[in-house]
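Spelled out from the first residue to the last, the chains are:
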Amino acid sequence: MPATETHCPYCSLQCGMRLARRGRETVVETWEEFPVNEGAMCRKGWTSAALLRDRERLTTPLVRDPETGSFRAASWDEALDLVAASLHGHRVQHGPDAVAVFGGGGLTNEKAYTLGKFARAVLGTSMIDYNGRWCMSSAASAGTRAFGVDRGLPFPLADVEQADVVVLVGSNLAETMPPAARHLDRLRERGGRVVVVDPRRTATAERADVFVQPVPGTDLALAQGILHAVIAGGWVDEEYVEERTTGFDAVRRSVTTWWPERTERVTGVPAEQVRDLARLLGEAQRVVVLTARGAEQHAQGSDTVLAWIDVALALGQCGRPYSGYGCLTGQGNGQGGREHGQKADQLPGYRSIEDPAAREHVAGVWGVSPESLPGKGKSAYELLDSLGTDGGPKAMLVFGSNIVVSAPNAHHVTERLDSLDLLVVADVVMSETAARADVVLPVTQWAEETGTMTNLEGRVILRRKALDPPDGVRSDLDVMAGLAERLGSPVHLETDPERVFDELGRASAGGPADYAGISYERVTAEHGVFWPCPTRDHAGTPRMFLDRFATPDGRARFHAVTHRGPAEQPSGEYPLHLTTGRVLAQYQSGAQTRRIRDLEDTGPFVEMHPLVASRVGVADGERVRLTTRRGAMTAPARVSESIRADTVFVPFHWVGANQLTNDALDPASRMPEFKACAAAVTRG
Ligand code: SF4
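Remember, it's a predicted structure, so these values are computed and weren't measured experimentally.

So, how was this worked out
- Along each chain, residues carry numbers from 1 onward, in the same order as the chain's sequence is written.
- Where local features are concerned, this predicted model is filtered to residues with pLDDT of at least 70; where side-chain atom pairs are given and counted, the filter is 80 or more; whole-chain, interface and lining totals use all residues.
- For the side-chain quantities, the full set of heavy atoms in the structure was used; hydrogens and water were omitted.
- Counting from the N terminus, the helices are DSSP H or I runs at least four residues long and the strands are E runs at least two residues long.
- Note on classification: 1.4 Å probe, protein chains only; a residue is buried when its accessible area is under 20% of the maximum for its type, exposed when over 50%, partly exposed between these limits.
- When checking whether two residues touch, look at their non-hydrogen atoms; a contact exists if any pair is within 4.5 Å.
- Using the Shrake-Rupley algorithm and a 1.4 Å probe, accessible areas are obtained, with residue cover drawn only from the displayed protein chains.
- Counted as positive: Lys and Arg. Counted as negative: Asp and Glu, with His and the chain ends omitted from the count.
- Each charge is placed at NZ for Lys, CZ for Arg, CG for Asp and CD for Glu.
- In what follows, salt bridge is the name for a side-chain nitrogen of Lys or Arg lying within 4 Å of a carboxyl oxygen of Asp or Glu.
- Proximity is defined per residue: any heavy atom of the residue falling within 4 Å of a molecule or strand makes that residue near it.
- For this scheme, ten residues count as nonpolar: Ala, Val, Leu, Ile, Met, Phe, Trp, Tyr, Cys and Pro. Four count as charged, namely Asp, Glu, Lys and Arg, and the remainder, Gly too, count as polar.
- Axes here mean lines fitted to C-alpha atoms, for a helix over just the part in contact, with angles spanning 0 to 180 degrees between N-to-C directions.
- Each helix crossing is assigned a hand: it is left-handed if the near helix lies turned anticlockwise from the far helix by less than a right angle, otherwise right-handed if that turn is clockwise.
- Given a helix with a known number of residues, its expected span is that number minus one, times 1.5 Å.

Caption draft 1: Fine view of the overall build of the chain. Scanning the chain from N- to C-terminus turns up 23 helices and 28 strands. Along the three orthogonal principal directions, the C-alpha set of the chain runs to about 70 × 65 × 55 Å. Of all 684 residues assigned to the chain, the portion counted as buried reaches 65%. For the chain, the share of sequence-separated contacts (at least 6 apart) that also reach a separation of at least 24 residues comes to 73%. Surface summary for the chain: the accessible area is close to 23,200 Å², and the carbon and sulfur share equals 46%. In the chain, which carries 74 positive and 88 negative side-chain charges, the distance between the mean positions of the two groups comes to 2 Å.

Shown next, in the form of structure tokens:
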């Protein structure tokens, strides 16, 4: 086969690659012309073709036999008939909200859009949300409040190279998306400086000029301390603040008491380093502040992001070339996945489901009445927490998510899944969640289907089909259309991705994330198109906010926020902070990457400082038991001076870590507090 230009199946960088046939093998080759990665890839991308020949690939629908409790093979007709009959029965008996739908940040835009339409217009349920709620929602909420719209990076990633200082807060970019780290290297070659804020001295911190190591859950206080010192140093861009923002006076007052010594007491960051940071940022012409999950996955995640946006605004950096604030999105379609309707509160085009004009517009595109569309549903964790309870959903369909591994307080969530009358999982392999389902539907993956993704820059790109799927496998789009037909749906669901994308464009027209001017043809010819792009002759918008922000008055909003710290603080019984994160060779819940032989699969480990190891009485590699108020796991100790002595770290790609994490939610974004809870370590 000729090589197909497509994109990696994993993270939000969406590296361009070519897939070629060499004999019987499909191999990954470079695509240097694609500008985001210029041919560079990490080892996850290089080995991704192995997914296409996985021996455990699902190729037939599976139905759980009520007699034996085991799966048996079924035809597609039998499986879809069974699911449709059960969904219909639950809707008739308990109402439409008895059926829930759960999506994922890795689904293409076409699938995310169709999932939202399927839930609202076919099932009539408000019970839809997705695992992206656990990824970028705090930054999304903060970006919307501060700038009027949420696009993770409001500028191309390569702009970072032209900044004088880049501050990475809670991002281990060198391990999560290694090709992006070359922008930091080029910035440093130009004489720029990189600041990394993280409780662990990560591979990214090793490449930094300044490493700041706060206590987990204190990034907000650190931002306030820095802003205090920026104000004290006279580095506020008063003219910019006056012309382009509102709300600074309240913020100025709110940081008055965050003098560097108080900041040190709360964050553990030396007062002198706080002052030095303020000077570094204050004296730079162009500053980029980037947050990621380390700062965002907290019960105060959205306020934390707002505090860092306050710093960037006070310095006059947002909406100017080669500077500003951005969020480094995680999942492959974490950006597009949060724009087109699989969120509980959202309609396509990043519109609010509570906005009457948005409801009328989208209902018009779908050919239904606005009154027939349900209202806002529950956020991801709240939805899962309500499964099988009085008044909660009794049946759920899951597309593109491995909830059993990725949900916080996962023991509890797994119990809730098990309490359902019907759990249907559409997946490529038998994930931990699929293994608990009543019906498993084998679906196409990545290179076996065409669809668009929106990368971390807001650039819409096209993942092209490179090979046919195995016999017996159907697309998620076919699954939804097949169920819609059986349920006597009042709306038609397209199954051709390009036709879905054109409909999505019409549904998004006039919304904040306007795709109306984007087509497959343009995406191909232009190496992606940045939204908003309202018409076919519009160039797209690589850099946002240069003239005005997307708020009604065009000004960015400061927000005076208050540090509270993690919901759970260390105590006598649980004396340590537990934080979670990623490793280079694995991606998200590991459902894909753990199956690839050429990717190192270490299994979970507990990283701890030598002082903790010595207190516990273990050496590197010996097993320890890690306990929180929600559960316990055992794993080998990894002893390292790179982590704070009051903190332990566990990667979340395997079952275990999220059985320990806290389900305390951010009040604005409903993000759970994955990144900080209280824990105890003993010999395992
Ligand atoms: S995982 Fe991310 S950084 Fe690695 S090759 Fe894929 S898209 Fe690129």
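Caption draft 2: The arrangement of the environment of Gln335 in detail. Relative to the assigned elements, Gln335 resides in the loop between strand 13 (324-327) and strand 14 (346-347). Note: C-alpha distance between Gln335 and Thr454 (119 residues apart in sequence) is 5.7 Å. Here Gln335 is in contact with Asp150, Arg151, Gly152, Thr329, Thr454, Asn455, Gly458 and Trp531, once residues within four sequence places are set aside.

Caption draft 3: Region of interest: the pattern of salt bridges. All told, the structure shown has 38 salt bridges when counted by the stated rule. Measuring nitrogen to oxygen at the nearest pair gives 2.9 Å for the salt bridge that ties Glu161 to Arg186. On the criterion of sequence distance, the pair formed by Glu161 in the loop between helix 4 (137-147) and strand 8 (165-169) and Arg186 in helix 6 (residues 181-189) is long-range, its members being 25 residues apart. A salt bridge links Glu494 to Arg499; the shortest N-O distance between them is 3.1 Å. A relative accessible area of 16% places Glu494 in the buried class. In this structure, a network of salt bridges that share partners links the residues Glu38, Glu161, Arg182 and Arg186.

Caption draft 4: Region of interest: the site of the ligand. Looking at the ligand, the residues that line it are Cys8, Tyr10, Cys11, Leu13, Gln14, Cys15, Met41, Cys42, Lys44, Gly45, Met177 and Pro179. Looking at the shell around the ligand residue by residue, the class counts come to nine nonpolar, two polar and one charged.

Caption draft 5: Quick peek at the packing of helix 8 (residues 219-232) against helix 12 (residues 271-283). Where helix 8 meets helix 12, the axes come as close as 8 Å, and the angle between the chain directions of the two elements is 65°. For the pair helix 8 and helix 12, the sense of crossing is right-handed. For the pair formed by helix 8 and helix 12, the contact residues are Leu222, Gly225, Ile226, Ala229 and Val230 on the first element and Val274, Leu277, Ala278 and Leu281 on the second. For the contact of helix 8 with helix 12, a count of residues per class yields eight nonpolar, one polar and no charged.

Caption draft 6: Expanded view of helix 14 (residues 301-314). With 14 residues, helix 14 should reach 20 Å at 1.5 Å per residue; the first-to-last C-alpha distance of 20 Å fits that figure. Counting buried positions along helix 14 gives 14 out of 14 residues, so the element sits mostly inside the fold. After helix 14 finishes, the residue Gly316 shows a positive phi value of roughly 75°.

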